[in-house]
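Architecture and fold: a report
Single-letter residue listing:
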Amino acid sequence: MVVDMLYPPFSLTTLPNVGSFANRHNFSGGPGALPEPVLEQVQEAIAEAPGAGVSILGVSHRSAWFREIVEETEENFRTLLSLPKGYHVLFLQGGGSLQFSMIPMNLLRGRGRSSDYLETGYWSRKATAEARKEGAVRVAWQGDHEDFSRLPTNDEIALDPYAAYLHYVSNETVEGLQFHRVLGSEETLRICDMSSDLLSRPIDVERFGLIYAHAQKNLGPSGVTVVLVRDDLLRDIPAGLPAMLDYRSFVDSHSIYNTPPVFAIYVMLLVTRWLRQDIGGLDAMAQINYAKAERLYRVLDGSAGFYQGHADKDDRSWMNVAFRLADRTLEARLLAEAGEAGFTGLEGHRSLGGLRASLYNAVTPQAVDALCSFLEDFRLRHREFAGERE
Ligand code: PMP
């Protein structure tokens, strides 16, 4: 199963009720919704973590109990992603942003080569700017002249065959653009920021040298960042890096180099268990996610221009649906009415404005269904006002 694969449409009503049934439907771009069964277990663990005898907030990171938590979490990633041999699973701090720096520090500094970066949106642009502080960067494609409304075709990407690596962002969280294919040739060392879509669908990890994702979208709370890195990339890391910025410190210590984010890792364990046991793995998760996105895009497309999606159709994200209203003056009213109706987190990113519905793993099909009904109802109530003619 690979990311290139698309799924047939499903009826949302036939999908299992998995995830959050809190009073409010959370469509936040991140930190995002977490599954309700996980939140229930977290509440118990704050009182007393099962097997630890104390609150999860007071467990020693040097305890045998916590080492087992790290091992099981790692094992869950390995199983969910069918991780091939030769990859390390690391749990770091510093968010996605620290990876923007650690990657060029470890894999570009002192190599005498340049790196290829794609600038496809707000976050990849940030990554590029940080890499420039460490070494030579070629921008192999950039989309800001088109308002980051689409992704490049393969022909448009100018790759340097001698580049140390290619860096790109699989899902641009702000603009709602997602690659539904793997980029580059088999010679390309691919490095990918999957902060907003890791564990949302199956991927072929072996086609990447390094994958990273902070937790606060699909994996858990903020505070921990997952790095999957192929062993051979560790060979040429320059000497003298601060230990906290050198991947090898975390490989050698099994992610317990210093005090790790114990709580965030524990929640990630519960989320990955939920994915394995309640959802049934990433194929099942992908079907649910595809159905959710498809349902919402259908509402936008069927609105006679009342709602306008930001991304080109082929590059639409299953995770983040960025859109506007043809009548911009209605956006504030929509947000206010949505808030009253129990929907939260729908404001667009500050850099883009408009609206954004994030449909991460824990956002239930039922929540998406409710949002779609709300949007359709809002349109019917306001289309005259917006000058819509049908
Ligand atoms: N990459 C992507 C794709 C993101 O969406 C974000 C933040 N939402 C980041 C990187 C930065 O992550 P952090 O805030 O954890 O540094």
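Placed above this text is the structure.
First, a word on scope: everything that follows refers to the structure included in this document. (Residues numbered from 1 in each chain as written. Predicted model: local features only at pLDDT ≥ 70, side-chain atom pairs only at ≥ 80, totals over all residues. Heavy atoms only, no water.)

Turning to the site of the ligand, a few remarks are in order. Not every one of the 13 residues close to the ligand is listed here, only the nearest: Ser97, Thr173, Asp193, His214 and Lys217. Between the ligand and Gly96, the relevant distance is 3.0 Å, taken from an oxygen atom to a main-chain nitrogen or oxygen of the residue. Within the contact set of the ligand, an oxygen atom lies 2.5 Å away from a side-chain nitrogen or oxygen of Thr173. Here the shell around the ligand gets four residues from one element, more than from any other, and that element is helix α3 (residues 95-107). (Near = heavy atom within 4 Å. Polar contact = N/O pair within 3.5 Å; in protein donor to acceptor, adjacent residues only side chain to side chain. Helix = DSSP H or I, 4+ residues; strand = E, 2+ residues; numbered from the N terminus.)

Our next topic: the pattern of salt bridges. For the coordinates displayed, the defined rule picks out 20 salt bridges. For Asp301, the salt bridge identified is with Arg316, shortest N-O distance 2.8 Å. You can see Asp301 sitting in helix α7 (residues 282-301) and its partner Arg316 sitting in the loop between β11 (307-309) and β12 (320-325), a full 15 residues away along the chain. (Salt bridge = Lys/Arg side-chain N within 4 Å of Asp/Glu carboxyl O.)

Moving on, we come to the layout of surface pockets. When its volume is computed, the largest pocket comes out at roughly 360 Å³. Around the largest pocket, the lining is made up of 20 residues, and of these Arg113, Ala163, Ala164, Glu187 and Leu189 lie nearest the centre. The residue makeup of the lining of the largest pocket, split by class, is nine nonpolar, two polar and nine charged. As a volume, the second largest pocket reaches approximately 230 Å³. Every residue lining the second largest pocket is counted, 13 residues in all, and those nearest its centre are Tyr290, Tyr297, Lys313, Arg316 and Trp318. (1 Å grid on protein atoms, 1.4 Å probe; cavity = no way out; pocket = protein on both sides within 12 Å on 5 of 7 lines; lining within 4 Å. Points joined across faces, edges and corners; volume = space filled by probe spheres on them. Nonpolar A, V, L, I, M, F, W, Y, C, P; charged D, E, K, R; others polar.)

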